[in-house]
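Take a look at the letters that make up each chain.
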Amino acid sequence: MTDAERFTTIYDAHYRQVYAYAVTRAGRDHADDVVADTFLVAWRRVRDVPAAPLPWLLGVARNVARERYRDEVRQTAIAAELRAWIREADDDVAEHVTDRAAVLVALGRLSEDDREVLTLTAWHGLSARDAARVVGCSTATFFVRLHRARKRLQDAIAPASRRTGITFAEEYSR
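For the structure given in this document, a descriptive report is provided here. Starting from 1, residues in each chain are numbered consecutively following that chain's sequence as written. Given that the model is predicted, a residue must reach a pLDDT of at least 70 before its local features are reported, and side-chain atom pairs must reach 80 or more before they are shown or counted; all residues, however, enter totals for whole chains, interfaces and linings. No hydrogens and no water enter the side-chain calculation; it runs on all heavy atoms of the structure.

So, about helix α3 (residues 53–68). Taking 1.5 Å of rise per residue, 16 residues should cover 22 Å, and α3 covers 22 Å from first to last C-alpha, within 8% of that figure. A 1.4 Å probe rolled over the protein chains alone gives each residue an accessible area, and that area as a share of the maximum for its type sets the label: buried under 20%, exposed over 50%, partly exposed in between. A run of DSSP states H or I qualifies as a helix once it reaches four residues; a run of E qualifies as a strand once it reaches two. Both are numbered from the N-terminal end. Summarising burial for α3: 12 of the 16 residues are buried, a large majority. Here α3 has its buried residues at Pro53, Leu54, Pro55, Trp56, Leu57, Leu58, Gly59, Val60, Ala61, Arg62, Val64 and Ala65. Helices are assigned an expected span. That span is 1.5 Å times one less than the residue count.

Oppositely charged side chains can pair when the atoms bearing their charge come close. Salt bridge, as applied in this entry: a Lys or Arg side-chain nitrogen positioned within 4 Å of an Asp or Glu carboxyl oxygen. Applying the stated criterion to the full structure yields nine salt bridges. Its salt-bridge partner being Asp130, residue Arg133 comes within 3.4 Å of it at the nearest N-O pair. In this pair, Arg133 and Asp130 are both assigned in helix α7 (residues 128–135), three residues apart and thus about one turn of the helix distant. One network of salt bridges, in which partners are shared, links Arg25, Arg62, Glu112 and Glu116.

Our next topic: the packing of helix α6 (residues 112–122) against α7. The contact between α6 and α7 brings their axes to 9 Å, and the two run at 140°. Overall, the two elements α6 and α7 adopt an arrangement that is oblique. Where α6 crosses over α7, the two elements pack in a sense that is right-handed. Judged by residue contacts, Glu116, Leu120 and Thr121 of α6 engage Ala131, Val134 and Val135 from α7. Helix axes are fitted to C-alpha atoms over the stretch in contact, other axes to C-alpha atoms as well, and angles between N-to-C directions run from 0 to 180 degrees. Each angle gets one of four labels, with under 35 degrees taken as roughly parallel, over 145 as roughly antiparallel, 65 to 115 as roughly perpendicular, and the rest as oblique. Crossings are classed by handedness, with left-handed meaning an anticlockwise turn of the near helix from the far one by less than a right angle and right-handed meaning a clockwise turn. Contacts are assigned to residue pairs with any non-hydrogen atoms lying within 4.5 Å of each other.

As a further point, take the nonpolar core. Grouping buried Ala, Val, Leu, Ile, Met, Phe, Trp, Tyr and Cys residues that are joined through side-chain atoms within 4.5 Å yields what is termed a nonpolar core. Formed by 47 residues in total, the largest nonpolar core has its most connected members in Phe39, Leu58, Leu120 and Phe142. Sorting the residues of this core by element identifies α1 (3–26), α2 (28–44), α3, α4 (71–91), α5 (97–109), α6, α7 and α8 (139–164) as the ones contributing at least two each. Looking at which element gives the most residues to this core, the answer is α3, with eight residues. Beyond its immediate sequence surroundings of up to four residues, Leu120 is in contact with Tyr21, Leu58, Gly125, Leu126, Ala131, Val134 and Val135.

Following this line, the structure appears as structure tokens:
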């Protein structure tokens, strides 16, 4: 397989996942730029891309976002994105709109690092080992970070669950 064919295969297989990750890190306004820069790095270093490219690509996307945007700009974009999701949740007519909104509000109250740890596993479907590679730590350290982030999310959801009567465990068992 030529380098161009390998790159095309990687791009086709992982574009959506890298884009989704870029949205959570940089917001929709900047996601296209982060994805473009990520795949530019992948093209230039196609021979360095491992056999399981997703963690590597997400690691590159993470670095691109950190280099490209200052913390204030990125935080503003993420906050705006979460507000948009909350508005979408409010407009949603599904049965559990209140629960979804409560989780999104609680997620918005967490630090950027906590949101990243939670979304890498819950939304992007990465294993703890792969997510640890993205974040740049050991698997054991990632498990500790994930445990602490889940606890902080549970604490942030607690006031909303008192109003709705639904517990954190019930929310995530659905």
